[in-house]
2 protein chains.
Amino acid sequence: MHRFSLNQITTKNWTLPEAVAGCAEAGVEWIGLWRDRVAEVGVDTAAALLRDHGVRASSLCRGGSFTGAGPDGPVADPIGDTAAAIDEAAALGAPVLVLVVGGIAGGDLPGSRAAVAGALEQLAPYAAERGVRLGLEPLHPVQCAERSVLCTLDQAVDLAEPYPEEVVGVIVDEFHVWWDPRIEAAIARAGRRIAGFHACDQLVPLPDPLLGRGLPGEGPIDHRRLLGLATEAGYTGPVEVEVFNAALWARPPKEALASAITAYRTHVAEPAGTPLP
Amino acid sequence: MHRFSLNQITTKNWTLPEAVAGCAEAGVEWIGLWRDRVAEVGVDTAAALLRDHGVRASSLCRGGSFTGAGPDGPVADPIGDTAAAIDEAAALGAPVLVLVVGGIAGGDLPGSRAAVAGALEQLAPYAAERGVRLGLEPLHPVQCAERSVLCTLDQAVDLAEPYPEEVVGVIVDEFHVWWDPRIEAAIARAGRRIAGFHACDQLVPLPDPLLGRGLPGEGPIDHRRLLGLATEAGYTGPVEVEVFNAALWARPPKEALASAITAYRTHVAEPAGTPLP
C-alpha cells in the first residue's frame, strides 16, 4: 500500500482533521488535499495536522480556470487565485498543484486553449520559485465545454513541453483518459512529466458526466495496465484514489476509505515484488 | 440548401414514407436512412419511394458491432448483419453504410479494437464488389464502453488506411469529435476519405450521453469552422442534420424538420458564394 493516497473527495464529508486522522488510523501515508477543506482550518493548522499524523500531501487540488469560464460561470481572477494556490501548496508541503484549466469562454475553443498556454507562461516562474510543480490534468472530453478545454494527455504534454519537467507536469486520471486510443504512446511520451496518477472507474452507461465514477473495479478500466504504463514511463509516486460518486459519499467516510483501500489492492496496485520507488 | 440531408433519427416518429414525403415537400434532396424504418416497408418499396419523390439516400445507418458487444448486450452475427446492410445500401442507392463498431467485449479494450480491424478485413472486399463505401464513425469517448471502441477521427483514419479511400471512408459527426485538440489535423489527414458529415450540437452540461444533443446553435460547437475544414479537405457531399433529442422527437416531425433546416441555414451552411460541388 506504499503508493496509496486518499484523495479527499472520496471521503467528501470528512473535514480535513477527520480525513488526516482517518488516514493515520488506516495506515495511509498520503492524502490528496482539497483547498476548500484546507481553508476551513487554515493552511498552518493543516500543515501541522499533517506533520503530527505523519501523513504527507500527494497534491493540492486545484488551481486553473485560466479560460475564465467554469461550470458555475465566469471566474474573476484565475491567475491570482492560482498563485494563491501555489503559496498554499508550498506551505502544505504538497509537491504538486493540480490544474483544471477551465471551459470554453465566449464560444471560442481555439482562443480558450490559447489562454491556457498564456496563463502557464505567467505562472510557471512563480511556481518554480516556490518549489511547487504544476500538474496539468486533462479532463474527459465530456467536460470540455464547461470545465476543461484540455482534453487529452497528448495535449497536456504539448502544453507542458516548453517548461522543465520539474516545473510543469501532467496528471494521469484514469476516468479522463482511459478510452484514448493513443494512451500508451501518450503515457510513454509524458514520461517523467507525470506528476500524479488518479485511480477510479467509469460507470456504464455514464449516469452523470461529473459524478458517474466508481471505485476501481466497478467499470471497464484496466487499472493495472494503465498504472503499469505510467510506472514504466517513470512515475513512481503516490496513486490517489479519487472517486466522485454520490452513493459513496452517502456512506460513512471511514467505510468509504476502507472500500477505496480494498479496491486499490484488488484492482490497481502493482503486483507484489514490484521494486519500491 | 443543396447539401442539407435529413437524418431520419431527427424526425424519429416519421415512418420512411412519411419522412421521404416530408423531405420532398420541404425541398430537401437528401435523406440519411435508418435500417429499422427501411425494414418496415421493405428495401424495394423504400427504393421506389426515394425514386418517386426525387430524394436521394446520403447514407444508410448502420452496420458494425464488430466487437460483438452493444449497448443492449451481445451481438450474435455482426459480420453477417453488416453484409446484409451492405446489400440493403446497394439496393437503396445509398453510397455509404455507416459503421458503429461496438463496445468493449470481455473487458478487453485492445482486443476489442483488434476485432474491429479484423472485421473490416473480412467486409471491405464484399462492400467494394457492391459499390458501397464503408463509413467508420468514431463516437464520443463517453460511449466507448458500450457502443464504440472507435473514439477519434485519427483512429478511424488509421483503421481505414489499408483500404482504398472509395472502399473505406470515415464519418465526421460533430457531436463526437468537436472537442478533439487534433481535429484540424485529423480532418486534413482524412481528406477525401471523409464519407459523411453529421451536424448537431452538444447540450451543456450533457444531460445524457446518448440523447444530450441539440440542433446546431444550441451548444458550443463551431459548425461553420468544422464543415469548412471538411470541405477544404475534400468533402463536398451532403451534410446530415442528425439530432438525438427527446424533446425534439416529441414535436410534430414536420416542425422538427423545419427547425433542422433553419438551424442548418443559420449555423452550419457554407457562406453564400461557396462553389457548388
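Cut-offs applied
- Residues numbered from 1 in each chain as written.
- Chains lettered and ligands numbered in written order.
- Predicted model: local features only at pLDDT ≥ 70, side-chain atom pairs only at ≥ 80, totals over all residues.
- Heavy atoms only, no water.
- Helix = DSSP H or I, 4+ residues; strand = E, 2+ residues; numbered from the N terminus.
- Rg over C-alpha atoms; globule rule 2.2 N^0.38 Å.
- Areas by Shrake-Rupley, 256 points an atom, 1.4 Å probe, with all protein chains shown as cover.
- Lys, Arg positive; Asp, Glu negative; His and termini not counted.
- Charge placed at Lys NZ, Arg CZ, Asp CG, Glu CD.
- Contact = heavy atoms within 4.5 Å.
- Buried area = accessible area lost by both parts, 1.4 Å probe.
- Salt bridge = Lys/Arg side-chain N within 4 Å of Asp/Glu carboxyl O.
- Polar contact = N/O pair within 3.5 Å; in protein donor to acceptor, adjacent residues only side chain to side chain.
- Nonpolar A, V, L, I, M, F, W, Y, C, P; charged D, E, K, R; others polar.
- Least-squares fit on C-alpha atoms with pLDDT ≥ 70 in both.
- Buried < 20%, exposed > 50% of the residue type's maximum accessible area, 1.4 Å probe, protein only.
- UniProt positions renumbered as here; feature names shortened; annotations may be inferred.
- Core = buried A, V, L, I, M, F, W, Y, C linked by side-chain atoms within 4.5 Å.
- Phe/Tyr/Trp six-rings, centres within 6.5 Å; stacked < 30°, edge-to-face > 60°.

In the nomenclature of an unreviewed UniProt entry, chain A is known as Sugar phosphate isomerase/epimerase of Murinocardiopsis flavida.

This part covers the overall build of chain A. For chain A, the helix and strand inventory stands at eleven helices and twelve strands. Taken against the 2.2 N^0.38 rule, which gives 19 Å for 277 residues, the C-alpha radius of gyration of chain A at 17 Å falls within 12% of a compact globule. Per element, the accessible surface of chain A, about 10100 Å² overall, is 53% carbon and sulfur. Averaging the locations of the 21 positively and 35 negatively charged side chains of chain A gives two centres separated by 3 Å.

At the interface, 24 residues of chain B touch 24 residues of chain A. Around 2000 Å² of area is buried between chain B and chain A when both sides are counted, 71% of it from carbon and sulfur atoms. Where chain B packs against chain A, one counts zero salt bridges. Viewed at the interface, chain A and chain B are joined by two residue pairs in polar contact (both at pLDDT 80 or more). The element that contributes the greatest number of residues to the side of chain B that touches chain A is helix H5 (residues 109-129) of chain B, accounting for three residues. Partitioning the side of chain B that touches chain A into residue classes produces 16 nonpolar, four polar and four charged.

It is worth spelling out the relation of the copies chain B and chain A at this point. Superposition record for chain B on chain A: RMSD 0.0 Å, screw rotation 180°, translation along axis 0.0 Å. Between the two chains, the operation in question is that of a two-fold axis. The residues that chain B uses at the interface reappear at the interface of chain A in 100% of cases, marking a shared surface.

To continue, consider helix H6 (residues 153-160) of chain A. Residues and elements named next belong to chain A. Of all eight residues in H6, seven are buried; the element is thus mostly enclosed. Of the residues making up H6, those classed as buried are Leu-153, Asp-154, Gln-155, Ala-156, Val-157, Leu-159 and Ala-160. Buried-residue contacts for H6 involve helix H5 (109-129), strand E7 (133-136), strand E8 (168-173) and helix H8 (183-190).

Attention shifts here to the UniProt feature "domain: Xylose isomerase-like TIM barrel" (unreviewed entry) in chain A. Here, UniProt's "domain: Xylose isomerase-like TIM barrel" (unreviewed entry) annotation points to residues 23-261 of chain A. Annotation note: span residues 23-261 of chain A, helix share 43%, strand share 19%, distance between end C-alpha atoms 11 Å.

Judged by nonpolar contacts, the single largest core of 176 residues is most densely connected at Leu-136 of chain A together with Leu-136 of chain B. Excluding residues within four positions of it along the chain, Leu-136 of chain B makes contact with Leu-99, Val-101, Leu-120, Leu-150, Ala-156, Leu-159, Ala-160, Val-168, Gly-169, Val-170 and Ile-171 of chain B.

Turning our attention to the packing of aromatic side chains. Summed over the entire model, instances satisfying the criterion amount to seven aromatic pairs over all chains. Taken together, a centroid distance of 5.6 Å and an interplanar angle of 85° make the contact between Trp-179 of chain A and Trp-179 of chain B edge-to-face. A residue pair is termed interchain when its members come from two chains, as with Trp-179 of chain A in the loop between helix H7 (174-177) and H8 and Trp-179 of chain B in the loop between helix H7 (174-177) and helix H8 (183-190). With respect to class, Trp-179 of chain A is no different from Trp-179 of chain B; both count as buried. When the ring of Phe-244 of chain A is compared with that of Trp-249 of chain A, the centres are 6.1 Å apart and the planes differ by 55°; the resulting orientation is tilted. The two residues Phe-244 of chain A and Trp-249 of chain A agree in class, both being buried.

Further remarks concern the pattern of salt bridges. Inspection of the entire model under this criterion finds 26 salt bridges over all chains. Here Arg-37 of chain B makes a salt bridge to Glu-40 of chain B, at a shortest N to O gap of 2.9 Å. Here the residue Arg-37 of chain B and the residue Glu-40 of chain B both occupy positions in helix H2 (residues 35-41), the gap between them amounting to three residues, near one helical turn. Each member of the salt-bridge network shares a partner with another, and the members are Asp-154, Asp-158, Glu-161, Arg-182 and Arg-189 of chain A.

With that settled, consider the side chain of Glu-240 of chain B. Residue and element names in this part refer to chain B. With respect to the element layout, Glu-240 can be found in strand E12 (residues 239-241). One buried charged side chain, Glu-240, makes no salt bridge at all; its nearest oppositely charged neighbour is Arg-213, positioned 10 Å away. A polar contact of 2.8 Å, which involves the side chain of Glu-240, links it to the side chain of Asn-7. Here Ser-58 takes part through its side chain, which lies 2.8 Å from a polar atom of the side chain of Glu-240. Excluding residues that lie within four positions of it along the chain, Glu-240 makes contacts with Ser-5, Asn-7, Gly-32, Ser-58, Ser-59, Phe-197, His-198 and Ala-199.

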